[in-house]
Amino acid sequence: MKTKIILLFLLIPHLLSAQSYYRNWTVKSNTQKEKIALVIANNYYKSGGQLVAPIPTAKKLATKLKSKDIDVMVGHDLSRIQMLQIFQEFANELKDYQFGIVFYLGHGFQIEGENYLIPVDANPQTKWEVKYSAVNVDDVLKLMNYPQKPKVIVLDACRNNPFEQHWTSAERSGNRDGFNAVPAPSNSEILFTTQKNSKVRDNNPYIQYFMEELDKGGCLDDMVRNISRRILKSGNQQVPAKYGLLLDKVCFGQMAVSGASTSSFSIKKPTTVTFSETKENSFKLTAKKLDFIPENMVFVEGGSFEMGCVTGDSNCGSDEKPAHQVTLDDFYIGKYEVTNAEFCEFLNVKGNKTEGGATWLDIESSACQIEYKNNKYIPKSGYSQYPVIEVTWYGANAYAQWKGMRLPTEAEWEYAARSRGKSEIWAGTSTENSLDKYANYYGDKDGYSKTAPVGKFQPNDLGVYDMSGNVWEWCADWYDSAYYKNSPKSNPVNQTKATYRVLRGGSWAINAVNCRSSNRYYYFPGNSLNDYGFRLAHSLK
């Protein structure tokens, strides 16, 4: 049996036509499911930076791949959610194949050392909004991280950042061209079509040379060397680079794959999982009646309210509509976001387990405020009472269950944020000029450049703190952009399994518009960021 392989090509910017459409298909050209490719090309950027070459190039590339008996999935001019969906679909398909290859053609750049692929609907008004409107390359790699499979990733850095013109001089300061170097996962190589932190000219010849080398056949190492020699010989100032080490020999034509130290391999099923869930964490709205108020919890009397877009709010997204009547039972909600100190207690009992393909807490992230010292999880100095960040939905849900509680439903969260359903745009106020009194959001006006200790701002009328800003808060629901059209009227919670979980409230890293109480956000439950946290809820009956 052949060893399964992932060959990832993430190719970024070139110039393209203003044609806009979306196609996504799989061509079953071989019954053995040996080879599959994903080709993404983004041309028509709605907020500027339009390109002219990716879609024509992608069409030629798809045709070439199919001629080599490779099944092909294609996506053109994709929004962020479409990019996330097609990467997930490809990862799911890849499980059944021996070989996979991904091409991305479009805009991409780095922000503070992190690399992002840019969908056509992106329009970040600040550099901190990039991570909410783009796709992080690290997330793509995690999604397709089958440890047994050798991986080759090629990143073609873009020539500019089309959004910088809207940013302040401080936000532009320190930004680097192109992509940053990506640490290569085990048994993988990362190929840059130019050096890190460097620009590459439009319509550079790398892909054309790749297709020509593919026609010749041969092994990947030789192909890469030939491409680099041809580029350097042409006098092009673009200098390809390679990071990491591929332990297996990958060849085209005969599609041979051989081990570096053995002559044959058998295919083994991956022992880790992707972002799709392997087990369902059941959600129960009812619970044992409480005859006391749990520590740091606020009682919320149930009632009815108009959930969704608040009257007078001109910034509502389509997934916040229609506003609809919802009735909730009594419940408790956390007065504060869960802190680093509280989460450390949990980790020291349960450990930092892996679920959904990721650890509960990404303690390896430099942004994480928890460290492991002397066989114990402890908050980093000074961060004990800061909200826990870099926590996945799985970690938040596991903590809640350990405490005998749960995550709030999306409806409960909004009802509590709006002080039992008041027509307030933010938690505590409808006036942006006063928002800095209630929320830690983008900028230094509120006194904090990143997260703030919990409870440092004014609470809303319920006595709940930080529901707008500071950190995004995981909710119990799966995300569905059209859920409000058919949402139940009584105690709604979306339990229909999907790709993403809901987050609410905004954070320190985004502007006031995205901190609105009705604003809905979503992401993979196995992902974590430096502004993802949570608070607890508990039911009464």
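What counts and how
- Residues numbered from 1 in each chain as written.
- Predicted model: local features only at pLDDT ≥ 70, side-chain atom pairs only at ≥ 80, totals over all residues.
- Heavy atoms only, no water.
- Helix = DSSP H or I, 4+ residues; strand = E, 2+ residues; numbered from the N terminus.
- Buried < 20%, exposed > 50% of the residue type's maximum accessible area, 1.4 Å probe, protein only.
- Contact = heavy atoms within 4.5 Å.
- Areas by Shrake-Rupley, 256 points an atom, 1.4 Å probe, with all protein chains shown as cover.
- Salt bridge = Lys/Arg side-chain N within 4 Å of Asp/Glu carboxyl O.
- Pairing = 2+ DSSP bridges.
- Core = buried A, V, L, I, M, F, W, Y, C linked by side-chain atoms within 4.5 Å.
- Polar contact = N/O pair within 3.5 Å; in protein donor to acceptor, adjacent residues only side chain to side chain.

Caption draft 1: Representation of the overall build of the protein within the structure. Check the secondary structure of the protein and you find 10 helices and 26 strands. Within the protein, the proportion of its 541 residues that are buried is 57%. In the protein, the proportion of contacts linking residues at least 24 apart, taken out of those at least 6 apart, comes to 76%. When the accessible area of the protein is evaluated, it comes to approximately 21,500 Å², of which 46% is carbon and sulfur surface.

Caption draft 2: Just the pattern of salt bridges, in detail. Tallied over the full model, the rule gives 18 salt bridges. E212 serves as the salt-bridge partner of R230, at 2.5 Å between the closest nitrogen and oxygen. With R230 in helix 7 (residues 220–233) and E212 in helix 6 (residues 206–216), the pair connects residues that are 18 residues apart, well separated along the chain. Of the residues examined, R230 reaches a relative accessible area of 26% and is grouped as partly exposed. Of the residues examined, E212 reaches a relative accessible area of 28% and is grouped as partly exposed. R516 is the salt-bridge partner of E320, the closest N and O atoms lying 2.7 Å from each other. Remark: R516 occurs in the loop between strand 23 (501–504) and strand 24 (520–523) and E320 occurs in the loop between strand 15 (303–307) and strand 16 (324–328); sequence separation between them is 196 residues. Of the two residues, E320 and R516, both sit in the buried class.

Caption draft 3: Region of the structure containing the pairing of strand 17 (residues 331–334). Along strand 17, one buried face is formed by F331 and I333 and the opposite face, lined by Y332 and G334, is buried too. Here strand 17 runs beside strand 26 (residues 537–539); their pairing, made up of three bridges, is antiparallel. Note on strand 26: the bridge partner recorded for F331 is S539.

Caption draft 4: Structural view of the nonpolar core. In terms of nonpolar packing, the biggest core is built from 112 residues, with F87, L117, F343, I370, W474, Y532 and F534 touching the most fellow members. At seven residues, helix 2 (residues 80–94) tops the list of elements feeding residues into this core. Discounting chain neighbours no more than four positions away, the residues touching Y532 are Y132, V388, I389, E390, V391, V471, W472, W474, L503, Y521, Y523 and N527. The next biggest cluster of nonpolar side chains, apart from the first, holds 31 residues, and it includes F99, M223, I227 and I231.

Caption draft 5: Looking closely at unusual backbone geometry. With an omega dihedral of -5 degrees, the bond running from K321 to P322 counts as a cis peptide bond. Along the polypeptide, P322 turns up in the loop between strand 15 and strand 16. A positive phi angle, near 60 degrees, is found at E390, a position not held by glycine. Look at D466: it is not a glycine, yet its phi comes out positive at around 60 degrees.

Caption draft 6: Here's a closer look at the side chain of N440. Here N440 lies in the loop between helix 10 (410–417) and strand 22 (472–478). Here K450 takes part through its backbone oxygen, which lies 2.7 Å from a polar atom of the side chain of N440. In this structure, N440 is in contact with D446, Y448, K450, T451, A452, F457, S468, G469, N470, S507 and W508, ignoring residues within four places of it in sequence.

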